Amino acid sequence: MTNNISKPEDNIQLKNIIAHAKEYGFVYQSSEIYDGLQAVYDYGPYGVELKNNIKELWWQSMIKLHHNIVGIDAAIFMHPLTWKASGHVDSFNDPMIDNKDSKKRYRADVLIEDKAAEYEANGEAAKAKTLIKEMSRLLEEEDLKGVHDLIVREDIRCPFSNTSNWTDVRQFNLMFSTQIGSVADDANTIFLRPETAQGIFVNFLNVQKTARMKIPFGIAQIGKAFRNEIVARQFIFRMREFEQMEMQYFIRPGEEMKWYEIWKNIRLNWHKAMGIPENKLRFHDHDKLAHYANAAVDIEYEFPFGYKEVEGIHSRTDFDLGNHQELSKKKMQYFDNELGKSYVPYVIETSAGADRLFFMVLSNSFVEEEVGEGNDKKMRTYLKIHPGLAPVKAAIFPLVKKDGLPEVAKKIYDDLRFDFNLIYEETQSIGKRYTRQDLIGTPYCIAVDHQTLEDETVTIRERDTMEQVRVKINTLRDEIGKRVSMKNILENID
Ligand code: GAP
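Residues numbered from 1 in each chain as written. Predicted model: local features only at pLDDT ≥ 70, side-chain atom pairs only at ≥ 80, totals over all residues. Heavy atoms only, no water.

1. A look at the overall build of the chain
Let me state the cut-off plainly: In this text, helices come from DSSP runs of H or I with a minimum length of four residues, and strands from runs of E with a minimum of two, each type numbered from the N-terminal end. The atom set for the radius of gyration is the C-alpha atoms, and the globule formula is 2.2 Å times the number of residues raised to the power 0.38. Here's how the labels work: a residue is buried when its accessible area is under 20% of the maximum for its type, exposed when over 50%, partly exposed in between, all with a 1.4 Å probe on protein chains only. Note on contacts: a residue pair is in contact if any heavy atoms of the two residues lie within 4.5 Å. Only the protein chains shown count as cover for residues, and all accessible areas are computed by the Shrake-Rupley method using a 1.4 Å probe. The positive count covers Lys and Arg only, the negative count covers Asp and Glu only, and His and the chain ends enter neither. For this purpose, a charge sits on NZ of Lys, CZ of Arg, CG of Asp or CD of Glu.
Scanning the chain for helices and strands turns up 17 helices and 23 strands. Compactness check: the chain gives a C-alpha radius of gyration of 26 Å against a globular reference of 23 Å for 494 residues, within 12% of the reference. Oriented by its inertia axes, the alpha-carbon framework of the chain measures out at about 80 × 65 × 50 Å. Relative to its 494 residues, the chain shows a buried fraction of 51%. Contacts in the chain between residues far apart in sequence, at least 24 positions, make up 66% of those at least 6 positions apart. Carbon together with sulfur atoms contributes 48% to the accessible area of the chain, which is approximately 23,300 Å² in total. Here the chain contributes 66 positive and 77 negative side-chain charges, whose respective centroids are spaced 1 Å apart.

Here it is in structure tokens:
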């Protein structure tokens, strides 16, 4: 009997990461005291620092490293016609199906993809490919009955009821709507943006003219997006409220494949520079293109539940600008001095989810290993986060809470707090304090001991190796600074 959809709670590693994220102040379920809100999450004290650092790295890598990319911050609410022009009103649908026995709802395409992944895992790659091809064709032709029949034919069962007693497949629009102003009628219905990209497209001319940009140029933005996802699965992987980091690169028509390849490589290098191993990343070409794209690829990371998308790179042609031009009746054209003519630019988009990147960094850095020998053997858990991204850069400890050591340690804290995000801790044994910092991924711990009083030196303990070096207090700013600088990551991207 097949039971091909794995329940997230079956995955021990995933379970440990989720528990760790909660216990050590990274991610909490939203409104937990009311039993939570599905697929909505809050970031805790260390989570928000890590997420901000990931966003900062992305922002710097776009704006600082590229003279021809500028940023904006557009509003979440937009004119409703935006979403008509973008195709989201008509095409931003997922095919859904319900199991009549368990009453659980699924995305029909995800059920089939999971089945294909199962074939692949069993060494039946050709069968997997045929299945995905057939699904893509049926979805392309909007043959929802065909999708239903394929699910039944493949004997795909609900993991909760273990039956294949499925409803028909229906299309479900993923946009959240709300009313603007005090009168609730259809004319006042607006949508919460399902992608940040449209805020960039509608501002294309404003930015091009006011920042005097010449093609090729890019506009970058980080902001919230909202989707009424049918399936809430795998922690913060699929959320209803999430954050995107998107960059639209405006180019000459006909040059899209050149820029598509260039941006694929830049973005893959970005992930590697953050410390994600190359063998855990891969490109995955889209089998089914979104309504706006003529080429599209995902960068996938190998999560504990398999390879999943963390970022998309899309060749969006002139689809968006062209449609906005038509609906708004405003010219969305650029006069190219070199070519001596006007055109609607083509666009290459890079679109990453800040929450998925956070999840990737957390999963990748979660280490549980055995340390010590003989009777001293024990498990050590720590977060091997790149020092440039770590929520807290260093913790400062007096070895004991007496003999004048806390005063020296506090002075170091006061001197360095303008440069780094620090923690000062003086209670519990120093071993326990080191462990606590390991668990939140603090790369360096500075200890003030009795020798400090004699020669003004302290120890710096490195998180991953647990090795200690002694340095002069007056070199600490440089010693810590050179190790935790985001520049170390940025320099490895190009
Ligand atoms: N503007 C193009 C666009 O939105 P997408 O592939 O739908 O493309 C881009 O989304 C990225 O946004 C994804 O690669 C993913 O990282 C993130 N993302 C999309 N839906 C998400 C969700 N429900 N929860 C968390 N992140 C999501």
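2. Some words on the pattern of salt bridges
So the rule is basically this: Basic side-chain nitrogens of Lys or Arg form a salt bridge, by our definition, when they fall within 4 Å of a carboxyl oxygen of Asp or Glu.
Under the definition given, this model contains 38 salt bridges. Taking the shortest distance from any N to any O, the salt bridge between R316 and E195 comes out at 3.1 Å. Pair noted here: R316 is in strand β13 (residues 306–317) and E195 is in the loop between β8 (189–191) and α8 (197–201), with a separation of 121 residues, a long-range link. The burial state of R316 is the same as that of E195; both residues are buried. One salt bridge in this structure joins E261 and K264, with 3.8 Å as the shortest N-O distance. Residue E261 and its partner K264 are located together in helix α10 (residues 256–273), separated by three residues, close to a single helical turn. Taking relative accessible area as the criterion, E261 reaches 38% and is therefore assigned partly exposed. Overlapping salt bridges bring together K51, K55, E243 and D355 as one network.

3. A word on unusual backbone geometry
Residues I215 and P216 are joined by a peptide bond in cis, for which omega reads 5°. Its identity as a non-glycine residue notwithstanding, S31 has a phi of 50°, on the positive side. The phi dihedral of D155 falls on the positive side, at around 55°, and the residue is not glycine. You can see D155 is positioned in the loop between α7 (144–153) and β6 (170–173).

4. Brief notes about the site of the ligand
The line we're drawing: Throughout this document, a residue counts as near a molecule or strand when at least one of its heavy atoms sits within 4 Å of that molecule or strand. Whenever two N or O atoms come within 3.5 Å, that pair is a polar contact, provided that in protein one can donate a hydrogen and the other can accept it, and provided that, for residues adjacent in sequence, both atoms are side-chain atoms. In the scheme used here, Gly and all other residues not listed as nonpolar or charged are polar, with Ala, Val, Leu, Ile, Met, Phe, Trp, Tyr, Cys and Pro taken as nonpolar and Asp, Glu, Lys and Arg as charged.
Lining the immediate surroundings of the ligand are 20 residues, of which E195, E229, M239, E246 and E309 lie closest. Here a nitrogen atom of the ligand sits 3.4 Å away from a polar atom, N or O, in the main chain of F237. The contact in question runs from a nitrogen atom of the ligand to an N or O atom on the side chain of E246, over 2.5 Å. Look at the ligand: alone it shows 560 Å² of surface, and the protein chains cover 93% of it. Only β10 (241–251), β13 and β16 (346–353) provide two or more residues apiece to the shell around the ligand. Per-element tally for the shell around the ligand: the top contributor is β13, with six residues. A class-by-class count of the residues in the shell around the ligand yields five nonpolar, five polar and ten charged.

5. A look at the packing of aromatic side chains
Selection rule: In summary, the pairing rule links any two rings of Phe, Tyr or Trp, Trp by its six-membered ring, whose centres are within 6.5 Å, and it sorts them by plane angle into stacked for under 30 degrees, edge-to-face for over 60 and tilted for everything else.
Under the definition given, this model contains 21 aromatic pairs. Aromatic side chains Y301 and F303 sit 5.0 Å apart centroid to centroid with 90° between the ring planes, which places their arrangement in the edge-to-face category. Considering the side-chain rings of F303 and F305, the 5.2 Å spacing of their centres and the 10° angle between planes classify their relative orientation as stacked. By relative accessible area, which is 16% here, F305 ends up buried.

6. Examining the pairing of strand β12 (residues 295–303)
Side-chain positions along a regular strand alternate between the two faces of the sheet. Filter applied, for reference: For two strands to count as paired, DSSP must find a minimum of two bridges between them.
Of all nine residues in β12, eight are buried, a share of seventy percent or more. Two elements, strand β11 (residues 281–285) and β12, share five bridges in a ladder whose sense is antiparallel. Within β12, the position partnered with F283 by the bridge is I299. Where β12 and β13 come together, nine bridges link them in antiparallel fashion. Bridging from a neighbouring strand, E302 pairs with Y307 of β13.

7. With respect to helix α1 (residues 12–23)
We count it as follows: Working rule for helices: expected span equals 1.5 Å times residues minus one.
Here α1 spans 16 Å end to end across twelve residues, near enough to the 16 Å set by a 1.5 Å rise per residue. On its buried side, α1 packs onto β1 (27–29), α12 (354–365), β17 (366–371), β18 (378–383) and α14 (430–440). With a side-chain oxygen lying 3.3 Å from the backbone nitrogen of Q13, the N-terminal cap of α1 falls on N11. Directly after α1, the chain includes G25, whose backbone phi takes a positive value near 75°.

8. Things to note about the sheet that holds strand β21 (residues 444–448)
Test applied: Orientation is described by lines fitted to C-alpha atoms, with helices fitted over the stretch in contact, and by angles between N-to-C directions that extend from 0 to 180 degrees.
Reading across the sheet, the five strands line up as β20-β19-β21-β22-β23 and stay open at both edges, with mixed pairing between neighbours. Lying at the two open borders of the sheet, with one neighbouring strand each, are β20 (422–424) and β23 (468–472). Adjacent strand axes in the sheet meet at a mean angle of 25°, parallel and antiparallel pairs treated alike. The pairing of strand β19 (residues 394–398) with β20 spans three bridges and is classified as parallel. Looking across to β20, one finds that I396 is bridged to Y424.

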